[in-house]
Amino acid sequence: MKTHEINGIRPFSALIDACWREPYSLQRLLKDAIAGVTVGIIAIPLAMALAIASGVPPQYGLYTSAIAGIVIAISGGSRYSVSGPTAAFVVILYPVSQQFGLSGLLIATLLSGIFLVMMGLARFGRLIEYIPLSVTLGFTSGIAITIATLQINDFFGLHIADMPAHYLGKIYALLQAMPTLNIGDTLIGALTLLTLIYWPKLGLRVPGHLPALLVGTAVMALLNAFDHPVATIGSRFGYLLADGSQGHGIPPILPQWVLPWQLPAIDGKRMVLNWQTLTALLPAAFSMAMLGAIESLLCAVVLDGMTGKKHNANSELIGQGAGNIIAPFFGGITATAAIARSAANVRAGATSPVSAIIHALLVLLALLVLAPWLSYLPLAAMASLLLLVAWNMSEAHKVVYLLRRAPKDDVVVMLLCMSLTVLFDMVIAITVGIVLASLLFMRRIARMTRLTELSRDNGRLVLRVNGPLFFAAAERIFSDLLTDSEPYQDIVLQWDAVPVLDAGGLNALQRFIDALPQGKRLIVSDIPFQPLKTLARARVQPIAGRLLFYSTLPEALAALDAQ
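Model, not experiment: these values are computed from the prediction. (Residues numbered from 1 in each chain as written. Predicted model: local features only at pLDDT ≥ 70, side-chain atom pairs only at ≥ 80, totals over all residues. Heavy atoms only, no water.)

**Re the environment of Gly125**
Relative to the elements of secondary structure, Gly125 occurs in the loop between helix H4 (90-121) and helix H5 (133-156). For the pair Gly125 and Asn314, spaced 189 residues apart in the sequence, the C-alpha separation amounts to 4.5 Å. The contact partners of Gly125, leaving out residues within four places of it in the chain, are Leu297, Ala313, Asn314 and Leu317. (Helix = DSSP H or I, 4+ residues; strand = E, 2+ residues; numbered from the N terminus. Contact = heavy atoms within 4.5 Å.)

Okay, structure coming up:
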């Protein structure tokens, strides 16, 4: 057991392994600094855009990247992960912010952090291995569709008084509002998006987010010169400081300590924190925790493949939980590991969690120094950022490949998860998807269990059972056997290819034995360890003249010949 391991869980495992167990030199610090600055440049506009998409002012996205980014980097189990607000959460956070306001969203984030810590302590870190690709691809694609739909309003500068809650209602409202399209917003959005798409083809090391936003801002300045104003962060959002002064855009102050339940709710009044409020927020909090666990562990697995290092799954869950518990007390919304930012972190040369800490410090510096400038960013340009995020998140090439190449069962599961995510919510989609995928998987395995005839003569039927005798297969196998064995007195079953016998299989076996006509015998040989253990636990004993057990098939046949 490693020195900092407690009950199989290694607190701060990534930081200790990368900076303590391995020599940490000035050269490594320089690499981490370059990577941290690179990711910070990407994270600043994305954090603001994701906060806006989640229904809260942009500074709360920056608070999330800064506070949660530092806490998770220190306490997590993946040395290259960069955490902050992510696009996947938008479909959960937006309805919560609209119904409960910022206060309710921060409380739900706090509850989700508690759920994540409990998952880590319960050692659920390997849960990602039990979620099929068709399910993860289905709900991530569904989330991408929803996020892209939410950006249409700002991208085209539409005027929608009240956006419906249901997805189909949103589509109808957007179509109705198309005549209100603002040519200035549309031009900014289109040019920003084109810059984002074609910038990587230039082969430059500068992330495309910065030049894309500069292009969008330059077009906005040109439009303003011709007296054609467009929506910006400063025109939509404002703030009130403690001294009573008001401002537009983002407040140039560091995150302040605050009790989440003392912030205004959706009606402007202070939220009443009681059991009823917590009960109403628990489903959303659990959804956040589940999605945070899935996304952070998926991210860690991707980074392991890129670097050859190994993450500690349970420590990562605890670190994610700690970040989501602490961040709400500084105005941070839900955070998790961001796959795109973490991959950029690796490609920029990161060697340890120090790079993620530097990225968070850069976000804090931006709050103090760049806040007035960030307020001039056009909302159409922010929408373009999220449209590209949604496209990358959809993994369209994988969806197309699965539609063309995968078994029909997997295609059905993926399309169902995608539809349920868009039309309802992610928890329903994952629940239904996992249940359906499990049932279809069991059907596949059940069909693999079959009887192979070895011989039939002298009143004796010898068969080999191939495959597991579990509840989904055993009933069919023994039912067919009862019919096929009718002319024979002795039925010999070789079980060397039976890896599993469960309670359902045991029950089907006992019912088969009870149904055998008088004078018929069942002989079982070559029983593997697990089925043998199940039979012993159930106290299944040989029955004279009815049920016999032998170690091998030749031994069983020799005993029958000797009688």
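**Some remarks on helix H19 (residues 474-484)**
Every buried residue of H19 is listed here: Ala474, Ile477, Phe478 and Leu481. Summarising the axial view, the buried residues of H19 lie within an arc of 85 degrees, below the 170-degree limit, and thus occupy one face. Next to the buried residues of H19 lie strand S5 (450-457), strand S6 (460-466), strand S7 (490-497) and helix H20 (503-515). (Buried < 20%, exposed > 50% of the residue type's maximum accessible area, 1.4 Å probe, protein only. Arc of directions from axis to C-beta.)

**Topic: the domain arrangement of the chain**
According to the domain assignment, the chain consists of domain 1 (25-169 + 250-376 + 396-427) and domain 2 (449-562). Taking the mean C-alpha position of each, domain 1 and domain 2 sit 54 Å from one another. (Domains from an automatic or database assignment.)

**Quick notes on the packing of aromatic side chains**
Scanning the entire structure with this criterion turns up 8 aromatic pairs. Here Trp261 and Phe329 contribute two aromatic rings whose centre-to-centre distance is 6.1 Å and whose plane-to-plane angle is 90 degrees, an arrangement assigned as edge-to-face. With a gap of 68 residues between them, Trp261 in the loop between strand S3 (246-248) and helix H10 (275-307) and Phe329 in the loop between helix H11 (313-326) and strand S4 (336-337) connect regions that are remote in the sequence. Assessed through its relative accessible area of 26%, Trp261 is described here as partly exposed. Through a chain of ring-to-ring contacts, three or more aromatic side chains come together here, namely Trp257, Trp261, Phe329 and Phe330. (Phe/Tyr/Trp six-rings, centres within 6.5 Å; stacked < 30°, edge-to-face > 60°.)

**Quick look at the pattern of salt bridges**
Taken as a whole and judged by the stated rule, the model has 13 salt bridges. Note that Arg443 and Asp409 form a salt bridge whose closest N and O atoms lie 3.2 Å from each other. Taken together, the residues Arg443 in helix H18 (residues 426-448) and Asp409 in helix H17 (residues 408-423) connect sequence positions 34 residues apart. Given a relative accessible area of 17%, Asp409 falls into the buried group. (Salt bridge = Lys/Arg side-chain N within 4 Å of Asp/Glu carboxyl O.)

**Description of the side chain of Thr64**
Along the chain, Thr64 falls in helix H3 (residues 59-75). Those residues in contact with Thr64, other than ones at most four positions away along the chain, are Gly69, Gly84, Pro85, Gly332, Ile333, Thr334 and Ala335.

**Topic: the nonpolar core**
Generally speaking, soluble globular proteins have nonpolar side chains that are buried together. By size, the foremost hydrophobic cluster in this structure holds 90 residues, and its most contacted members are Met48, Leu62, Ile233 and Met288. Top contributing element to this core by residue count: H4, with 14 residues. Beyond its immediate sequence surroundings of up to four residues, Met48 is in contact with Pro58, Leu62, Ile233, Ile250, Leu374, Leu377 and Met382. Counting 26 residues, the second largest nonpolar core, distinct from the first, contains Leu463, Val465, Phe512 and Val524. (Core = buried A, V, L, I, M, F, W, Y, C linked by side-chain atoms within 4.5 Å.)

**Observations concerning a nonpolar patch on the surface**
A contiguous nonpolar patch, built from Leu254, Leu365, Leu368, Val369, Leu370, Trp373 and Tyr376 and spanning about 730 Å² of accessible area, is present on the exposed surface. Per-element tally for the nonpolar patch: the top contributor is helix H13 (residues 354-369), with 3 residues. Inspection of the secondary structure puts Tyr376 in the loop between helix H14 (371-374) and helix H15 (379-394). (Patch = residues over 30% accessible without salt bridge, like charges linked within 9 Å, V, L, I, M, F, W, Y side chains within 5 Å. Areas by Shrake-Rupley, 256 points an atom, 1.4 Å probe, with all protein chains shown as cover.)

**Remarks on the sheet that holds S6**
Taken in spatial order, the 5 strands of this open sheet run S5-S6-S7-S8-S9, and their pairing is mixed. Looking at the sheet topology across the chains shown, the edges are occupied by S5 and strand S9 (547-550). For this sheet, the mean angle separating the axes of adjacent strands, direction not counted, is 20 degrees. (Pairing = 2+ DSSP bridges. Axes fitted to C-alpha atoms, helices over the stretch in contact; angles between N-to-C directions.)

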